[in-house]
Structures are given as C-alpha cells and as structure tokens.
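In case you want the letters, here they are:
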Amino acid sequence: MIRRAFQVVARCGQQGALLRAPCILPGLNPASAFGSSTDSLVSRFCPEKTDLKDYALPNASWCPDMLSLYQEYLEKTKSDGWIKLPSFKSNREHIQGFQLPSGLAVASDKDDCRIFTRCIQVEGRGYEYVIFFHPSKKKSVCLFQPGPYLEGPPGFAHGGSLAAMMDETFSKTAYLAGEGLLTLSLNIRFKNLIPVGSLAVLNVDVEKIEDQKLYISCVTQSRDEQKVYAKSSGIFLQLQLEKESSQQ
Amino acid sequence: MLRSCAKRLRALGSLRGPLPCEPRPALRSFSSKKVVYKDFSIPNPSWSKDIRLLFDEFMKKCEDGSWKRFPSCKYGSIQRTQDFKTFHLDRELTKEDLRTQTRLFTSSFEEGLGFEHVIFCNDVEKRTVCLFQGGPYLEGMPGFLHGGAIATIIDTTLGVSAAIAGGTVMTANLNINFKRPIPLCSVVVINTQLDKVEGRKFFVSGNVQSADEKTLYSEATSLFIKLDPDKSLT
C-alpha cells in the first residue's frame, strides 16, 4: 500500500499537479495514507547515536533566560513526554536514507548547503535556537535568541529572521506530527520588535489535519509572556519521503 | 555554482527609511569612525547569467529616469539609523559596541552563499522589483530555498515599496502563499506594488516569478505601518 502511495505521488509530481492542488490519493483514506506514526517519525528524526553535530545545545552566547528555560524543558523531557529535537547543519542530515518524492527531488551535488536557520555558525551571531516537541499533544516550543547578524531595525531582529524561525519550527512540528513537508502558506502578524540578544519563546500548536494539509499556529512572546512579539499561522502539505534509491 | 575565493564584505540590505536612490555606486567615508560604506548591489562573480541579463535589462530602464537602482549598504544608511535612534529608542538601550558587531540580516553572507539581490524602484508606477538569487546557505528541503528565506526577501522588497512612500516603516502583517518550491541558486523576480495608503497604513502586495515569468512561485500581501515619531518602540 505504501509503495502504491509513492507511485501515485510520483505520477502527480510528473504532471506538475502536485503543488497546484493537493493530490488526494485515490482509494486511500488520507489518514491512513500517511501511515508513519509520530513515534516512528520521531525515532527516525532523533537518532540515538550520531556523529553529526547538534547545534541545539547551550553555548556561551546563550543569555541567562534562555539557559534557564532550556533547563526547565530538559527536565520535562524526563517525565512529561517532551522531546528535545536535534538540529543539524542541513535537512539532508535529518533525512538520511530518505529523499523527497520523485517529481520533486532535484539532483544536487552541493556539499556546502546549509539549512537557513543554521547559516551563521559563529556562536551567538545568528540563530541560536532549540525546539522541544511533545508528540501526543502535537505541540512545540522553540527558544529563539536572535544574534547581531540578524538585525533589521537597529538593535532589533529583522522581521524575516522571525518569519524564518516560525517557518522552521512549523516545518519540524508539521513533519513529526503528520509528515507535513512543504509550506503552503504563512501568515504573520508582527506586534513588537525583538531586541537582538534576548529570548523569544515560540509556542506552536497543530490545530488540525485535514485534506492532506496540516494547520498550525504560533504565538511568539517574551519569557514572562508580558510582551507578545507576533502571532502567526501556517499550512503545510503532507508528503511522504521516499527511501533513497541505491544508485545514490 | 561559482565559489568565491575572496573574502569581500557583502553589503546587501534593505533600508526602511528615507532612501537615497542613486543610480551609481556611492562611496562615503565617515571620518569619526573611519568606516567606508560601499554599495554592493552590483554584479559579482557569483551572479549567474540569468540574474546578470535581468540586471542589464533593468539598468537600461534606469536610463530615462523612470526606474532607479536601489543601492545597498551592509549596515543600513547612517541617516536611517540616526532617525530611528532619535525618535524611537531610549538612548541607553543602544550600545555602541553592539552596533559595531551588527549586520543587516540580508547582508551577513559571503559572496554567492546567501541573498544575492538587487532592487529597482519605479516611483511613478509605485512598483519595486527585486532580482534574487538564493545561495546554498538558504536551504530548506534539499535542493530548495527555505520558506523563511523566501519570506525574508519578500518582506525586504515589500518593505522598500512601503518605505519609498512612507519613510520609516515596519512590517505589521505578512501573508505568503507558496505555490511551488524555489530551486536553490535559481534566479527569481519579486514584483511588488503599493496598493493603498490609509493614514499611516501602507498596503503592499507582490509575487515571486521565475526569470522568464513562466512560473509563479509565491504570492504575498502585507501591511506596513509608518512609525510615529512621538511614540517610543520600547
């Protein structure tokens, strides 16, 4: 059944219809078509042993707020069902052994690609962030500290950097909650500017999964919740990754 | 994809304040800090043939003055920064040493790796066009641009449209519909248009298309607010 799903997805991709209209897989219940459970997605995403560098770990640039909130959530990973997501240099490292569905996958020989939110690797200068995910509640929390290279208005983070952090948190959440793979839309209402070097907390919830789409929302605020920085929502398209062919 | 050997400073960025739209690169030196601000919104070795061709097309359009190339600075214009500080921030909050470490987000990259772009404006038609080539440090799904990188360059271009009309503005709302993913290192054109002004509100819309205009990648609408000089942001 899974193989047939891949074939149908591939056909849709070749016709170019894939992205203009969600490709409802014929004869398959959408809920069961995306049969990888959250647990199996999480275990695939969070390898127990890996040589890959995890950037979502404290370093000297993290402000005290970020460090203490990180510790709080780390405690919650022991008993409350939260999981700290690893963050590698590139999505290629996250989906090792898998690839985008044919029709979408592009042959790429670039070794020097980086995921946008890990583009600035000098500690503290760019995106400092860590995402905690709760599989059964389908929620995420992202602790985000924008560095001085993300500046927009003097002393504050560029709106685009927050948009990217939202899209990235949505993206990982959508993938683990239901194989959401591509952003269909983003809607952001900016309320207040985030000072460079301070902590912003993104609280993300999956609202619903329907018609091959995941609907997801976020409130970004200061740690004490006194200041709301932005509210946003996104829609993601469900697509299954394919196992990498042996020719690669 | 060409890789740059030279470690030149990149200076691409978006200004949201009063704009000096000069058609040729400007060199300014500020003797107090001994910093030279150079315009880098011109072709460099990492630019592909597609973006160079488009650049030449638009430079031709600048000849009669209807279009203007928007110069980019790594650190934003000094004038914009002064206005912003004077009107909108408590002075104590802005630390001078932090300033010297900061960079405008869209210009924090080595040549060819991030946001290679140039912006052209047409005041009469109230249109702003950005030619954009997204490099390998902007990846999302393997082989494609990150949605957040696309959002950043769309926000930048919409912002220029709003700033031309409104001076110092800030994004209030941003809505983007992604139709197709954009391949890494390809060249796209972001077209934006100022639709409506209501008091301090500036409504700007835009889209992202392939260089040959045959593929529509995204559509966007936005609302920018002109900052009130009497109100502090903090």
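Residues numbered from 1 in each chain as written. Chains lettered and ligands numbered in written order. Predicted model: local features only at pLDDT ≥ 70, side-chain atom pairs only at ≥ 80, totals over all residues. Heavy atoms only, no water.

(A) How the structure looks around the overall build of chain B. Each helix and strand counted, chain B has four helices and nine strands in total. Its helices and strands taken in sequence order, chain B reads β-β-α-β-α-α-β-β-α-β-β-β-β from the N to the C terminus. Per-residue burial for chain B yields a buried fraction of 54% across its 234 residues. For chain B, restricting intrachain contacts to residue pairs at least 6 apart in sequence, the fraction spanning at least 24 positions comes to 70%. (Helix = DSSP H or I, 4+ residues; strand = E, 2+ residues; numbered from the N terminus. Buried < 20%, exposed > 50% of the residue type's maximum accessible area, 1.4 Å probe, protein only. Contact = heavy atoms within 4.5 Å.)

(B) Highlighting the packing of aromatic side chains. All names here are of chain A. Here the structure, examined in full by the defined rule, presents 14 aromatic pairs over all chains. Taken together, a centroid distance of 5.9 Å and an interplanar angle of 55° make the contact between Tyr70 and Phe132 tilted. Remark: Phe132 occurs in strand β3 (residues 127–134) and Tyr70 occurs in helix α4 (residues 64–79); sequence separation between them is 62 residues. Across the pair, Phe132 and Tyr70 agree in class, each one buried. Both rings, one in Phe116 and one in Tyr127, keep their centres 6.0 Å apart while their planes meet at 65°; by these two values the pair is edge-to-face. Here Phe116 is found in the loop between β2 (98–99) and β3, whereas its partner Tyr127 is found in strand β3, with eleven residues between them in sequence. Classification of Phe116 by relative accessible area gives buried; the value is 0%. Put simply, the rings of Trp62, Tyr70, Tyr73, Trp82 and Phe132 touch in pairs and so form one group of aromatic residues. The ring of Tyr73 carries the charged tip of Lys76 above its face, separated from the ring centre by 4.6 Å. (Phe/Tyr/Trp six-rings, centres within 6.5 Å; stacked < 30°, edge-to-face > 60°. Lys NZ or Arg CZ within 6 Å of the ring centre and 35° of its normal.)

(C) Quick peek at a negative patch on the surface. Taken together, the side chains of Asp50, Asp56, Glu57, Asp212 and Glu213 of chain B define an acidic patch exposed on the protein surface. Residue position: Asp212 of chain B is located in the loop between β8 (201–210) and β9 (216–226). (Patch = residues over 30% accessible without salt bridge, like charges linked within 9 Å, V, L, I, M, F, W, Y side chains within 5 Å. Areas by Shrake-Rupley, 256 points an atom, 1.4 Å probe, with all protein chains shown as cover. Salt bridge = Lys/Arg side-chain N within 4 Å of Asp/Glu carboxyl O. Lys, Arg positive; Asp, Glu negative; His and termini not counted. Charge placed at Lys NZ, Arg CZ, Asp CG, Glu CD.)

(D) Seen up close, the nonpolar core. Core analysis: the biggest nonpolar cluster contains 91 residues, and Phe116, Tyr127, Phe144 and Leu176 of chain A together with Phe115, Phe132 and Leu138 of chain B have the highest contact counts within it. In terms of residues, this core owes the most to one element, helix α6 (residues 159–178) of chain A, which gives ten residues. Leu69, Trp82, Leu199 and Val201 of chain A belong to the second largest nonpolar core, which has 14 residues in total. (Core = buried A, V, L, I, M, F, W, Y, C linked by side-chain atoms within 4.5 Å.)

(E) Here's a closer look at the state of the cysteines. Residues and elements named next belong to chain A. Within this structure, the stated rule accounts for zero disulfides over all chains. Note on Cys119: no disulfide assigned, nearest cysteine sulfur contributed by Cys113 at a separation of 13 Å. Looking at Cys119, the relative accessible area reads 4%, which means it is buried. (Disulfide = S-S within 2.5 Å.)

(F) Broad picture of the pattern of salt bridges. Residues and elements named next belong to chain A. A complete count under the given rule lists twelve salt bridges over all chains for this structure. Of the charged contacts in the structure, one is a salt bridge between Asp65 and Arg223, with a shortest N-O distance of 3.6 Å. Of this pair, Asp65 sits in helix α4 while Arg223 sits in the loop between β7 (213–221) and β8 (228–238), and the two are 158 residues apart along the sequence. Residue Asp65 is classed as partly exposed on the basis of its relative accessible area of 38%.

(G) Inspection of the environment of Pro47 of chain A at higher detail. All names here are of chain A. With respect to the helices and strands, Pro47 occurs in the loop between α3 (38–45) and α4. Taking relative accessible area as the criterion, Pro47 reaches 33% and is therefore assigned partly exposed. Separated by 190 residues in the primary sequence, Pro47 and Leu237 place their C-alpha atoms 25 Å from one another.

(H) Just the environment of Arg92 of chain A, in detail. Within the secondary structure, Arg92 of chain A is located in helix α5 (residues 91–94). Residue class for Arg92 of chain A comes out partly exposed when judged on its relative accessible area of 24%. In sequence terms Arg92 of chain A and Gly197 of chain A are 105 residues apart; their C-alpha atoms lie 29 Å from each other. Side-chain polar atoms of Arg92 of chain A contact the side chain of Glu139 of chain B, separated by 2.4 Å. (Polar contact = N/O pair within 3.5 Å; in protein donor to acceptor, adjacent residues only side chain to side chain.)

(I) Quick peek at the pairing of strand β4 (residues 139–146) of chain A. Residues and elements named next belong to chain A. Burial analysis of β4 places seven of its eight residues in the buried class, which makes it a mostly covered element. When β3 meets β4, the two strands line up antiparallel, connected through eight bridges. Pairing of Phe132 across the sheet is with Val141, part of β4. Hairpin connection from β3 to β4: four residues lie between these consecutive antiparallel strands, with Lys138 at a positive phi of about 50°. The sheet contact formed by β4 and strand β6 (residues 200–210) spans six bridges and is antiparallel. (Pairing = 2+ DSSP bridges.)

(J) Seen up close, the environment of Trp62 of chain A. All names here are of chain A. With respect to the secondary-structure elements, Trp62 resides in the loop between α3 and α4. Since its relative accessible area comes to 4%, Trp62 is described here as buried. Beyond its immediate sequence surroundings of up to four residues, Trp62 is in contact with Leu57, Leu67, Tyr70, Glu128, Val130 and Gln145. Of the polar contacts made by the side chain of Trp62, one reaches the side chain of Glu128; its length is 2.9 Å.

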